[in-house]
Amino acid sequence: MLAPAIAGLLLLACSCSVSATVDLGLPHPLPADGNLFPAGIPTFKNPYAEPWYQEPPLPKNYYRGAYEHVTCPSDELVVPEDTAQLAAAIKSLRARAAAEGRPLKMRPARRGFATMASFACGPQPTLVNPFLVDGKKPMVVGLMLEKMDKVLAVDKEKQQLRVQGQMTLKGFYEAADAAGLSVPRFGLPWWQGLTLGGVFSTASHGSGNNVTHMICDWFVDVTWVDAQGEVHTSAKGSDEAFALCGGLGLLGTVTELTLQLTPSSNTHFSTWYLKPDDNLADDVEAMLKITPNLVVMWRPDLGKYTGHLQRPAPEHAPTIQGAQCNVIPQQADYQAGMSGPLLRAWQGDPFNTNTMYFAGYDTNICTLALTSAIGAPWVTKKGPLTSKGISQPVFEGVAPTNHVTSTDCGDNCVFTSKKLMSTALDVMFAFERSKLKEWVADIKALIKEDLRGIPGWGAHTRCLLPGYYVMRFGRPSDTLVGYGSGLQQPVYVQQQMMASKATPGIPSRYEWVQETYEQLTLCKYDGRPHTGKNWDRTFTNPRCPFAPKFGESFKKMVAMQDKYDPSRAYEPELWTRLAAGEGYKLKPKCILDRSCYCEADEHCADGFKCVASVAFPQYKACRPKVMN
Ligand SMILES: Cc1cc2nc3c(=O)[nH]c(=O)nc-3n(C[C@H](O)[C@H](O)[C@H](O)COP(=O)(O)OP(=O)(O)OC[C@H]3O[C@@H](n4cnc5c(N)ncnc54)[C@H](O)[C@@H]3O)c2cc1C
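Residues numbered from 1 in each chain as written. Predicted model: local features only at pLDDT ≥ 70, side-chain atom pairs only at ≥ 80, totals over all residues. Heavy atoms only, no water.

### As for the pairing of strand S7 (residues 160-164)
1) Next: With five of five residues buried, S7 is to be regarded as a mostly interior element.
2) Next: Here S7 shows a buried face lined by Gln160, Arg162 and Gln164 and a second buried face lined by Leu161 and Val163.
3) Next: Relative to S7, strand S6 (residues 151-155) runs antiparallel, the two being bridged by four bridges. By the bridge assignment for S7, Asp155 is matched with Gln160.
4) Next: If you look at the hairpin formed by S6 and S7, you'll find four residues sitting between the two strands, and Gln159 has a positive phi there, around 60 degrees. (Buried < 20%, exposed > 50% of the residue type's maximum accessible area, 1.4 Å probe, protein only. Helix = DSSP H or I, 4+ residues; strand = E, 2+ residues; numbered from the N terminus. Pairing = 2+ DSSP bridges.)

The following block contains the structure:
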């Protein structure tokens, strides 16, 4: 956690000793003024850090995602508190839309939703056309469900909790603790700020190779409201349940869930720490022999990975007091005050013209990634510096299962910290685990050739953003369009990186590697994009379209929509387009809102050109025209 401070000090020291006029033997001549930005290198300030700064309010009835990549426009918002209120509201909306002769579009979500794609919105915000349904302007309604977060019933005998759909994971862990019950080990995602309804509707998961690892595995029944405002309860195993799990609210809004917990349990966690990645795929198999509940975090540019293993604790093993899950990176204000400027200065210099680059920017960022990404412990406990935001790492021990699965990071998450002003770029796919070894080799080739193989000053030191590639494991999923659907043995791979929000008009650092990773995993590996993560372009890539990946399951989903929502009131524009096999629309600089992969230079940012990947020339990405 001291890395940002060290990196900041290093930079200060270096900036004193290196002059911009020193002949560094640069391989690429830069324009005479050494500056590829037409109006000079902008200085990127973090307005959040200014005491006077007030975030501009969103337009009326708009709602925005937690990462701030997506802002959804709507005509009105409905904020129900229970199933009956929502059902009544939908009946009234239908009647009103019919009276006005307008189609109705509704989307269940919440303010600060976690989805990265625009499935949480009616219209797809990156499209420039007005949003029309059958040629008419629809009545677009956001169903904001954040008040539906209560415990409804506790059945200690059956070890079941019945809760409202939008309860956060934080609330759920607290309720489970209070009832003396545990969630299944690694059976929920990483962030306690997510909601059960959102996690259920995107088939989001933890990790469990061929075992329970997602809420779709361990729910008992689900209550939901269809597009007519009718209320249903569907048991696990029913056709409706298959369509609702991972179904993005296409059938209706999930309002209540009964969940099957376990007796209170403890978990033994351990770490394969910062291991060389020479035999990564074989090491993964070795770790999976120890336990199915495994998460691997990998930095191919550093040649290292860390494995986090969880398994049942031996009976009577003492637990660590105050142990907490630390998997979501977080920064106290004073740390963010140093790493925020570092990150935005680095990202704001895509052509490597800044003196700081030659003083070791990339090396410092790699140090940051090593210490606070793959080097971070899964679990921390309270220590003498906890009040200063520094907890003690723990790499092996025993803790209550409910406390070591997901992180509660409040305002200090890397994407909520105002001082850091960063966001996450999460690109995540499922594919068959049998292909993992080949995929690992391909990612290594990508790093070798597309990150480090392109000539330039300090090419061998180039370093991806702070973050990692993650691997998690699953079992065949009981869903129609949940992203692991149809796979025999899914592996879930994710490139999760932290980028500054403070450099508009500039792609994140070395983003062409990410663009190629996406196309490679989508197309060569038949990767299915996670519907709660990812840019819209991963669902509408014309070369590797989404719907055919799901085959018969997709057709069954369409049949369920025909049954419960024939007018597609619940269907977002993005889904309508992917169901019709429509590719994304190219527009100038579409790489900046990540709505396309480039086909020509005009799709790239200023100073970038659209070129074939070196390692995988079948995929194109935007790289600088000239770079030191
Ligand atoms: C920090 C972070 C960590 C994450 N960790 C993981 C992880 O470990 N594993 C993983 O698999 N994913 C993970 N995710 C992805 C996350 O699970 C999805 O983004 C998911 O969408 C849940 O977010 P949410 O609860 O805010 O739901 P939302 O984003 O609000 O909704 C998700 C989708 O479901 C629909 N929806 C929401 N509520 C309902 C409802 N009640 N009924 C019907 N439809 C509904 C929405 O329209 C939307 O399309 C993570 C995301 C973030 C931001």
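### Looking at the sheet that holds strand S4 (residues 104-109)
1) Next: Sheet architecture is open: three strands sit in the order S3-S5-S4, paired in parallel fashion. Each edge of the open sheet carries a strand with a single partner, namely strand S3 (76-78) and S4. Sheet twist, expressed as the mean angle between neighbouring strand axes with direction ignored, is 25 degrees.
2) Next: Judged from the three bridges that link them, S3 and strand S5 (residues 139-144) form a sheet pairing that is parallel. When the bridges of S5 are listed, Glu76 appears paired with Val141.
3) Next: Helix H2 (residues 83-100) contacts S3, S4 and S5 of the sheet and is inclined by roughly 170 degrees relative to S5. (Axes fitted to C-alpha atoms, helices over the stretch in contact; angles between N-to-C directions. Contact = heavy atoms within 4.5 Å.)

### Some words on the pattern of salt bridges
1) Next: Within this structure, the stated rule accounts for 35 salt bridges.
2) Next: The partner of Glu230 in a salt bridge is Lys91, and the shortest N-O contact between them spans 3.5 Å. One end of the pair, Glu230, is in the loop between strand S9 (219-226) and strand S10 (231-235); the other, Lys91, is in helix H2, and 139 residues separate them in sequence.
3) Next: Under the relative-accessibility criterion, Glu230 is labelled partly exposed at 38%.
4) Next: The class for Lys91 is partly exposed, based on a relative accessible area of 41%. (Salt bridge = Lys/Arg side-chain N within 4 Å of Asp/Glu carboxyl O.)

### Remarks on the packing of aromatic side chains
1) Next: Under the definition given, this model contains 31 aromatic pairs.
2) Next: Summarising the aromatic geometry, the rings of Phe200 and Phe219 are spaced 5.1 Å apart at their centres and angled 85 degrees between planes, so their arrangement reads as edge-to-face. Taken together, the positions of Phe200 in helix H4 (residues 196-201) and Phe219 in strand S9 put the pair 19 residues apart, joining distant regions of the chain. Neither residue differs from the other here; Phe200 and Phe219 are each classed as buried.
3) Next: For the ring pair Tyr510 and Trp512, a centre distance of 5.5 Å and an interplane angle of 85 degrees mean the geometry is edge-to-face. Judged on exposure class, the residue Tyr510 and its partner Trp512 are both buried.
4) Next: Clustering of aromatic rings is evident, with ring pairs tying together Trp298, Phe429, Phe431, Trp439, Tyr469, Tyr517 and Tyr525.
5) Next: Over the ring of Trp272 we find Lys275, and its NZ or CZ is 5.5 Å from the ring centre.
6) Next: The positively charged end of Arg472 is found above the aromatic ring belonging to Trp190, 4.1 Å away from the centroid. (Phe/Tyr/Trp six-rings, centres within 6.5 Å; stacked < 30°, edge-to-face > 60°. Lys NZ or Arg CZ within 6 Å of the ring centre and 35° of its normal.)

### Points about the site of the ligand
1) Next: Around the ligand sit 34 residues, and of these Pro108, Arg110, Thr115, Thr195 and Arg472 come closest.
2) Next: Within the side chain of Gln166, a nitrogen or oxygen atom sits 2.8 Å from a nitrogen atom of the ligand.
3) Next: Between the ligand and His205, the relevant distance is 2.8 Å, taken from a nitrogen atom to a main-chain nitrogen or oxygen of the residue.
4) Next: For the ligand, the protein covers 100% of the area, taking 950 Å² as the surface of the free molecule.
5) Next: At the level of secondary structure, the elements contributing two or more residues to the shell around the ligand comprise S4, H4 and strand S11 (252-260).
6) Next: No other element matches the four residues that H4 contributes to the shell around the ligand.
7) Next: The class makeup of the residues in the shell around the ligand is 16 nonpolar, 14 polar and four charged. (Near = heavy atom within 4 Å. Polar contact = N/O pair within 3.5 Å; in protein donor to acceptor, adjacent residues only side chain to side chain. Areas by Shrake-Rupley, 256 points an atom, 1.4 Å probe, with all protein chains shown as cover. Nonpolar A, V, L, I, M, F, W, Y, C, P; charged D, E, K, R; others polar.)

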